[in-house]
Amino acid sequence: MDILSLFVIVPVLTVLALVFSKGLKQARLISMIGSFIQLGMAINLLFAYFRERAVDKSVMLFTQDYVWFKNFNVHYAIGVDGISVALLLLTAIVVLAGVFISWKTDDLPKEFFVSLLVLATGVYGFFISIDLFTMFVFYEIAVIPMYLLIGIWGSGPKEYSAMKLTLMLMGASAVLMVGVLGIYFNSNADGGALTFNILEIAKVHIPFEAQKLFFPLTFVGFAVLGALFPFHTWSPDGHASAPTAVSMLHAGVLMKLGGYGVFRIAMFLLPLGAIEWSWFFIILSATGVIYGAFGALKQTDLKYINAYSSVSHLGMVLFALLMLNKTAWNGAILQSLSHGFMTALFFALIGMIYGRTHTRDITKLGGLLKVMPFISVIYVIAGMASLGLPGFSGFIAEMNIFVGAFQHEGMFYRVATIISVSAIVVTAVYILRVLGIMLMGEVKNDEYLNLPKATWFEITGILLLLIPMLGMGVAPLWLSDMTMDSIQPFIQGVLNHL
């Protein structure tokens, strides 16, 4: 049975059911049922993967291959490894949590949930694809709905933010397409047929000059979505204007496509190019790590604080991948997962706070721990995960990243690592600053004394994100072992040339 295609079919069927729904109640019920089914599929895939991996050591499992466009050898080719499975599970959890957090969305609810699930369809398809062209198509499907979700249901300068995000990501897509086509037209360097299949291309020795030319295009094309400095400016504005669930999916899931694409395509297929260009992109990513942390420190708007924090945390993902060793790569994958749960939780909490106080300015908030104890305590837990406190998911990820980074010999790499590590201190400062100003002290506004408590659907959405985030920190080995095993065949090409 083709269990992977269900990750595309079920969201599409859910969208079709939404098209014929009437009113808010039907729209959210259909969305909830469809998202629950997707989460069930992701959990089932996780256990099926463990069973299959015990007897099958192939690079990708559950592979299927159907000819899509014969003239250019384009296939609907799919398969997963431990990394794909983990990211599919992350996506399913964040999508379901987003549906619950959007439970009271009454402005064009049908259209909102349709756009949200189309975005999810693109993300699922991207993570299961092993054909470059198919992956690119799903990449575009995931990005395009963001314009509508921000431009229609956003707040503040939403048209500006939506257009800025779309133009920058479409520009990156154009650069990425050039890189993808460059890989495709060099996929017959050993005399075979041209192909978009990732596993087939990896067997080909693409000429060094071609790798040197197309690696930066492929890397930048993906890394812009991962908030690569200085191409990150679309992200804070997009976060600030997006509705809560869209911010959750944007930071928690969509931005993970960038790091995943760098790992799965740029590094795997162009290892010589990665070695040649790594020093340059290490400078950019290390700058992004420290810049994002200081940027968050200067903000007073909760969404902007979390947006710049995401620039810093995702900069660590790119930084780790560029260190070109197994430990750092494992840290990059774990950081993607940790950040996905953590930042989605942050944005959910920020939406709940804004919905009650009608402000995101921390200088106008204070003493919320007294009036919103549940939301405040969860915010503290998310903050501790963000600053990398032991026992939380962030600690596990960052330890792998920095231990792996220090394994790379050479003064340049050590200095870059020290700069990136210093961002942890800045992160602790801005997290504790927010907690102190917003949660502690006296209540600044008497109107806040009678704020409504968290509803059942908000609590459900919060717990969906909180439990796996804490689980990663308390019992990380099963996940770390699963991702580490999947890294080996993809990093081997790089290690062979170092």
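Just so it is clear, the model here is predicted, and its values are computed rather than measured.

A. Local environment of helix H3 (residues 82-101). Under the 1.5 Å per step criterion, the end-to-end length of H3 is 29 Å for 20 residues, consistent within 8% with the ideal 28 Å. Most of H3 is tucked away: 20 of the 20 residues are buried.

B. View of the packing of helix H6 (residues 145-153) against helix H11 (residues 244-254). Two elements in contact, H6 and H11, have axes whose closest approach is 10 Å; the angle formed by their N-to-C orientations is 150 degrees. If you check the angle between H6 and H11, you find them roughly antiparallel. Once H6 is placed against H11, the crossing between them reads as left-handed. For the pair H6 and H11, contact is made by Met 146, Leu 149 and Ile 150 and by Val 246, His 250 and Leu 254, respectively. Per-class residue counts for the contact of H6 with H11 are 5 nonpolar, 1 polar and no charged.

C. Main features of the side chain of Thr 244. Residue placement: Thr 244 occurs in helix H11. Discounting residues that sit within four places of it in the chain, Thr 244 has contacts with Ile 101, Lys 303, Phe 347, Ala 348 and Gly 351.

D. Broad picture of a nonpolar patch on the surface. A grouping of Leu 108, Tyr 147, Leu 148, Ile 152, Met 163 and Leu 167 is seen on the molecular surface, where their side chains present a nonpolar patch of about 510 Å² in accessible area. Contributing elements (two or more residues each) for the nonpolar patch: H6 and helix H7 (158-185). Among the elements that line the nonpolar patch, the one with the most residues is H6, at 3 residues. Among the secondary structure elements, Leu 108 is positioned in the loop between H3 and helix H4 (109-128).

E. Fine view of unusual backbone geometry. For the peptide bond that leads from Phe 229 to Pro 230, omega is 5 degrees, which places it in the cis range. On the secondary structure map, Pro 230 appears in the loop between helix H9 (208-223) and helix H10 (234-241). Even without being a glycine, Phe 62 presents a positive backbone phi close to 55 degrees. Backbone geometry places His 358, a non-glycine residue, at a positive phi of 65 degrees.

F. How the structure looks around the pattern of salt bridges. The full count for this structure, using the stated rule, is 6 salt bridges. Among the ionic pairs, Lys 203 bridges to Glu 200, the shortest N-O distance being 3.6 Å. With a relative accessible area of 58%, Lys 203 lands in the exposed category. Residue Glu 442 is joined to Lys 370 by a salt bridge in which the shortest nitrogen-to-oxygen separation is 3.5 Å. Taken together, the residues Glu 442 in the loop between helix H19 (411-439) and helix H20 (456-474) and Lys 370 in helix H16 (residues 368-371) connect sequence positions 72 residues apart. Judged by its relative accessible area of 60%, Glu 442 falls in the exposed class.

G. Examining the environment of Ala 77 more closely. Summarising the element assignment, Ala 77 is placed in strand S2 (residues 74-80). Residue classification places Ala 77 among the buried positions, given a relative accessible area of 0%. Along the chain, Ala 77 and Gly 394 lie 317 residues apart, while their C-alpha atoms are 33 Å from each other. For Ala 77, the residues in contact, after removing those within four places along its chain, are Gln 64, Asp 65, Ile 128, Ser 129, Ile 130, Asp 131, Thr 134 and Asn 197.

H. Broad picture of the nonpolar core. With 191 residues, the main nonpolar core has Phe 219, Met 267 and Tyr 379 as its most contacted residues. Tallying contributions element by element places helix H15 (residues 326-357) first for this core, with 17 residues. In this structure, Tyr 379 is in contact with Leu 302, Phe 346, Leu 349, Ile 350, Ile 353, Val 434, Leu 435 and Met 438, ignoring residues within four places of it in sequence.

What counts, and where the lines are drawn
Residues numbered from 1 in each chain as written. Predicted model: local features only at pLDDT ≥ 70, side-chain atom pairs only at ≥ 80, totals over all residues. Heavy atoms only, no water. Helix = DSSP H or I, 4+ residues; strand = E, 2+ residues; numbered from the N terminus. Expected span 1.5 Å × (residues − 1). Buried < 20%, exposed > 50% of the residue type's maximum accessible area, 1.4 Å probe, protein only. Axes fitted to C-alpha atoms, helices over the stretch in contact; angles between N-to-C directions. Parallel < 35°, antiparallel > 145°, perpendicular 65-115°, else oblique. Left-handed = near helix turned anticlockwise from the far one by under 90°. Contact = heavy atoms within 4.5 Å. Nonpolar A, V, L, I, M, F, W, Y, C, P; charged D, E, K, R; others polar. Patch = residues over 30% accessible without salt bridge, like charges linked within 9 Å, V, L, I, M, F, W, Y side chains within 5 Å. Areas by Shrake-Rupley, 256 points an atom, 1.4 Å probe, with all protein chains shown as cover. Salt bridge = Lys/Arg side-chain N within 4 Å of Asp/Glu carboxyl O. Core = buried A, V, L, I, M, F, W, Y, C linked by side-chain atoms within 4.5 Å.

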